[in-house]
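# Examining the three-dimensional arrangement
Below are the chains, spelled out letter by letter.
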Amino acid sequence: MEKMKRTNTCGELRLKDKGKTVTLNGWVHRHRDHGGIKFIDLRDRYGITQVVIDADAEENLKNSAHELKFEYCIAVAGTVRPRPQSMINSRMPTGDIEVQAEKIQILSKCDVLPFMIDERSDAREELRFKYRYLDLRSFSMQRKIKLRHEITFAVREYLKDKGFLEIETPTLIKSTPEGARDFLVPARLFPGKFYALPQSPQLFKQILMVSGFDKYFQIAHCFRDEDARGDRQPEHTQIDIEMSFVSKDDIFKVIEGMLYYVFKKTLDIELKIPFRRISYTEAMNRYGSDKPDLRYELYLKNFNNFVEKGEFKAFKAVLEQGGAVKALVAPGCSSFSRKQISELEETAKIYGAQGLAWMKVTETGLEGGISKFYNSSAEKIKETLGAKTGDLILFVGSDWKKACTSLGAVRAKLAQIEKLIPKNTFEFCWVTDFPLFEWNEDEKKWEPAHHMFTMPQEQYIESLEKNPGDVKGDLYDLVCNGVELASGSIRIHDPGLQERIFKIVGFSEEEAKKRFGFLLEAFKYGPPPHGGIAPGLDRLVMLMAGENTIREVIAFPKNTQGVSLMDETPSEVNEQQLRELHLKVLKEE
RNA sequence: GGGGGCGUGGCGAAGCUGGUUAUCGCGCCGGCCUGUCAAGCCGGAAGCCGCGGGUUCAAGUCCCGUCGCUCCCGCCA
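What counts, and where the lines are drawn
- Positions within a chain are numbered from 1, following the residues in the order the chain's sequence is written.
- As they are written, the chains are lettered A onward and the ligands numbered 1 onward, keeping that order.
- The predicted origin of the model limits local features to residues at a pLDDT of at least 70 and limits the giving and counting of side-chain atom pairs to 80 or more, whereas totals for whole chains, interfaces and linings rest on all residues.
- Side-chain numbers here rest on the full set of heavy atoms in the structure, without hydrogens or water.
- Put simply, DSSP marks the helices as runs of H or I at least four residues long and the strands as runs of E at least two long, and each gets a number from the N terminus on.
- Exposed residues in this analysis have more than 50% of their type's maximum accessible area, buried residues have under 20%, and partly exposed residues fall in between, with area computed by a 1.4 Å probe over protein chains only.
- Any two residues whose heavy atoms approach within 4.5 Å are treated as being in contact.
- Areas reported as accessible are Shrake-Rupley estimates using a 1.4 Å probe. Residue values count occlusion only from the protein chains shown.
- We call a residue near a given molecule or strand whenever any one of its heavy atoms falls within 4 Å of it.
- In protein, a polar contact requires one atom able to donate a hydrogen and another able to accept it; more generally it is a pair of N or O atoms within 3.5 Å, and residues adjacent in sequence count only if both atoms are side-chain atoms.
- Side-chain classes are defined by residue name, with Ala, Val, Leu, Ile, Met, Phe, Trp, Tyr, Cys and Pro counting as nonpolar, Asp, Glu, Lys and Arg as charged, and the others, Gly among them, as polar.
- Being paired, for any two strands, means DSSP has found at least two bridges between them.
- Between N-to-C directions, angles span 0 to 180 degrees; the directions come from axes that are lines fitted to C-alpha atoms, helices contributing only their stretch in contact.
- As used throughout, domain bounds are those supplied by an automatic or database domain assignment.
- For patches, a residue must show more than 30% relative accessible area and have no salt bridge; joins then use 9 Å for like charges and 5 Å for nonpolar side chains, namely Val, Leu, Ile, Met, Phe, Trp and Tyr.
- Between Lys or Arg on one side and Asp or Glu on the other, a salt bridge is scored when a side-chain nitrogen of the former is within 4 Å of a carboxyl oxygen of the latter.
- Pairing of aromatic rings covers Phe, Tyr and the six-membered ring of Trp, with a centre-to-centre limit of 6.5 Å; geometry is then stacked below 30 degrees between planes, edge-to-face above 60, and tilted otherwise.
- For a lysine, the NZ atom is tested; for an arginine, the CZ atom; a charge sits over a ring if that atom is within 6 Å of the ring centre and within 35 degrees of the ring normal.

## Observations concerning the overall build of chain A
Check the secondary structure of chain A and you find 16 helices and 22 strands. Counting only C-alpha atoms and orienting by the principal axes, one finds that chain A spans roughly 90 × 75 × 55 Å. Looking at chain A as a whole, 49% of its 589 residues are labelled buried. Long-range pairs, those at least 24 residues apart, make up 68% of the contacts in chain A with a sequence separation of at least 6. Carbon and sulfur atoms make up 50% of the accessible area of chain A, which amounts to about 30,900 Å² in all.

## With respect to the protein's contact with RNA strand B
For RNA strand B, the set of nearby residues contains 51 residues, the closest of which are R30, M87, R229, H450 and T560. Protein-adjacent atoms of RNA strand B, using a 4 Å cutoff, are sugar or phosphate at a proportion of 54%. Backbone polar atom of G35 to a base nitrogen of RNA strand B: 3.3 Å apart, as the coordinates give it. Taking G179, its main chain carries an N or O atom lying 3.3 Å from a sugar or linking oxygen of RNA strand B. Within the residue set of the surface near RNA strand B, elements represented by two or more residues are strand 1 (21–33), strand 2 (38–44) and helix 2 (125–130). Each residue belonging to the surface near RNA strand B can be placed in one class, and the counts come to 17 nonpolar, 14 polar and 20 charged.

## Considerations on unusual backbone geometry
With an omega of 0°, the peptide bond running from I273 to P274 counts as cis. Structurally, P274 can be placed in the loop between helix 6 (248–267) and strand 11 (276–279). With omega at 0°, the peptide bond leading from T569 into P570 counts as cis. One non-glycine residue, F245, adopts positive backbone phi at about 60°.

## Let's talk about the environment of A101
Within the secondary structure, A101 sits in strand 5 (residues 97–108). Separated by 17 residues in the primary sequence, A101 and P84 have C-alpha atoms spaced 16 Å apart. Those residues in contact with A101 that lie beyond four places of it in its chain are V51, V52, I53, L61, V76, A77 and G78.

## Notes on the sheet that holds strand 4 (residues 73–82)
If you walk around this closed barrel you meet the five strands as 1-2-3-5-4, and the pairing is mixed. Put simply, the sheet's adjacent strands are angled 55° from each other on average, direction ignored. Where strand 2 lies against strand 3 (residues 47–53), seven bridges are found, and the strand directions are antiparallel. When the sheet's bridge partners are listed, K38 is paired in strand 3 with I53. Strands in contact with helix 1 (residues 59–67) are strand 1, strand 2, strand 3 and strand 5; relative to strand 5, the strand with the most contacts, it is inclined by about 70°.

## A short note on the domain arrangement of chain A
Many analyses report the size of an interface as the accessible area lost when the parts associate. What the domain assignment lists for chain A is domain 1 (15–108), domain 2 (145–278 + 429–550) and domain 3 (296–421). Using only C-alpha atoms to locate each centre, domain 2 and domain 3 end up separated by 37 Å.

## Here we look at the pairing of strand 4
Most of strand 4 sits inside the fold, with eight of its 10 residues counted as buried. Where strand 1 and strand 4 come together, seven bridges link them in antiparallel fashion. Counterpart to W27 in the pairing with strand 4 is C73. Bridge count between strand 4 and strand 5: 10 bridges; the pairing is antiparallel. Considered in strand 5, the bridge of T79 is made with Q100.

## Digging into a nonpolar patch on the surface
Where nonpolar side chains cluster on the molecular surface, the patch consists of Y133, F556 and M566 and spans about 310 Å² of accessible area. Topologically, F556 is positioned in the loop between helix 15 (537–545) and helix 16 (575–580).

## Structural notes on the sheet that holds strand 6 (residues 165–166)
Strands sit in the order 6-9-10-22-21-20-17-11 across an open sheet of eight strands; the sheet is mixed. Edge strands, defined here as strands with exactly one partner in the open sheet, are strand 6 and strand 11. Against the sheet, helix 6 contacts strand 10 (235–244), strand 11, strand 17 (428–432), strand 20 (475–480), strand 21 (483–490) and strand 22 (530–533), and its axis sits at roughly 160° relative to strand 17.

## Re the environment of R188
Tracing the sequence through the fold places R188 in the loop between strand 7 (184–186) and strand 8 (194–196). A relative accessible area of 48% means that R188 is categorised as partly exposed. In this structure, the C-alpha to C-alpha distance between R188 and Q577, residues 389 residues apart in sequence, is 9.5 Å. With residues near it in sequence (within four places) discarded, R188 still touches E580, L581 and H582.

## What to know about the packing of aromatic side chains
One pass over the structure, following the stated rule, counts 25 aromatic pairs. Taking 6.5 Å as the distance between ring centres and 75° as the angle between the ring planes, the aromatic pair formed by F115 and Y131 counts as edge-to-face. One end of the pair, F115, is in the loop between strand 5 and helix 2; the other, Y131, is in the loop between helix 2 and helix 3 (132–135), with 16 residues separating them in the sequence. On the accessibility criterion, F115 (6% relative accessible area) is buried. Among the residues examined, Y131 registers a relative accessible area of 22% and is labelled partly exposed. With a centroid separation of 6.4 Å and an interplanar angle of 85°, the aromatic rings of W430 and Y476 are classed as edge-to-face. Note that W430 is positioned in strand 17 and Y476 in strand 20, a separation of 46 residues in sequence. When sorted by exposure, W430 lands in the same class as Y476, which is buried. By the ring-pair criterion, three or more aromatic residues cluster together here, those being F252, F263, F275, F426, F428, W430 and Y476. The side chain of R286 reaches across the aromatic face of Y299, ending 4.2 Å from its centre.

Written out as structure tokens, the structure reads:
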């Protein structure tokens, strides 16, 4: 039997189409059988149209309608007719009309569903992933996948318009040291040798700069063999960008313009640009995070000055060891119970704080917790911290970074508890002036905070080696609502400077040559000054879709174990394959 | 690598300090019903309570182990 091909989609018929003979193809979203009259909600990705089988329809038609179950894929031919006045459904775009069925063809049947294709379906993620094809049928998933397409398309439009070229770089590349763990691919033709999947197209995009493609971009897949999180999984997509002859301001401008365009085009939201700029140090000091959430106004304050005058020994000890004591005023939270405070303390402890000290602000002064140690400076404390009667003040003393991040975590928790976070706002900022190096206590050596091709800021170049810890890099993050959206830097293009950096991070010339000799070689031939950035596409779409995990905006995501539940990846391979690849699987203990 | 949470018919949940026959909603099967749109009504089927061990007269419930999922710390240049 010939398949009945659609003349229209399920989302387009309106009153003006009345009287038309149409054929629709789609899935049985719902069916309501009233004995006489029957209704079918027919769904495709464009919408839902109600199909009616009248009570006086021929027996044949009624029988085939009776057969229909959820998610049967069917074709319906019939006539568009207006619904009776009182039956109009204003919640449906097609709610003014219905299609009076004349013929129904079942294109394929559907087993009993593991979960309903429904906006309200609350099937757990595990199940949704196993049956992702069904999950993706829901309008909410289709909306997100479509939004992703539109965002990606707008990015391409904008960048092309600005003169960028989209250039593909290889997926099978050389394994490079540092950074995340590589995914390796055994090379069949070279026993014992491996390709690696790119953690990013970093080296290739820099080489493209050497080649003179001064504005490059790529929607690039990146692979990192690390544990997944809500905003990260083993493979992700980034909008990889690199430019020559630019300073970071030029790069900021491109990204600001791009995001303005993308938000306007896809969500009709006008972002305020340029974005705020916050130094790493300020972000840590004020927000307790290098990816500050600016949607709410709770600020960490410095409490060091009061520690001297107070009697609290634990804090004094912290300062003697070179640490810091940070304070956070929780407005109107003096009614918090011990239990509530200790829950906040748990949050602080997760981030390495020893504890969470507190005091309450009352009419007469400070009360409870550690207040007795600071009675003499109560007024001054209130004034300096901006605390008012009815507030709760929270403290963490630790090394500076831990004090900031753990109290920053408390800040975030508090904002959540007190419902301080406004919905549907996007607060962007650039975080700048990151340290170039970080001290690795385990291995007793300096490590690049970003990557080792990052340019130190001008004023530090001369005395790099003296105090590596003080050196700030020409590197920057783009943050939105507490999510790190992009990371980038101006790169080193001077081989001499590059060598000095290698030396500081304990990278021998020999090792450097072996690993990225090709880049260093390329840099001998007139490399332009250049820099770049790479916004994470998944995270951008996640934020724009109002989701908290990138898995909601990836068509076929992996779970937190890095497993694709639908196709059961990763999987074992057979002996033959292993032999060809010169591999042997070791038995775990 | 470490910590928290969860695992009960196909799905989502309830099941208290252990105590009759494991409950509810959705779905499924059958029937009734001419205007519904999360249709309604009547009836029915469907459970190794993740898995293994232990405590007990008695375990979905307590203990130990294990597997899976999830959130977080670490990790993620």
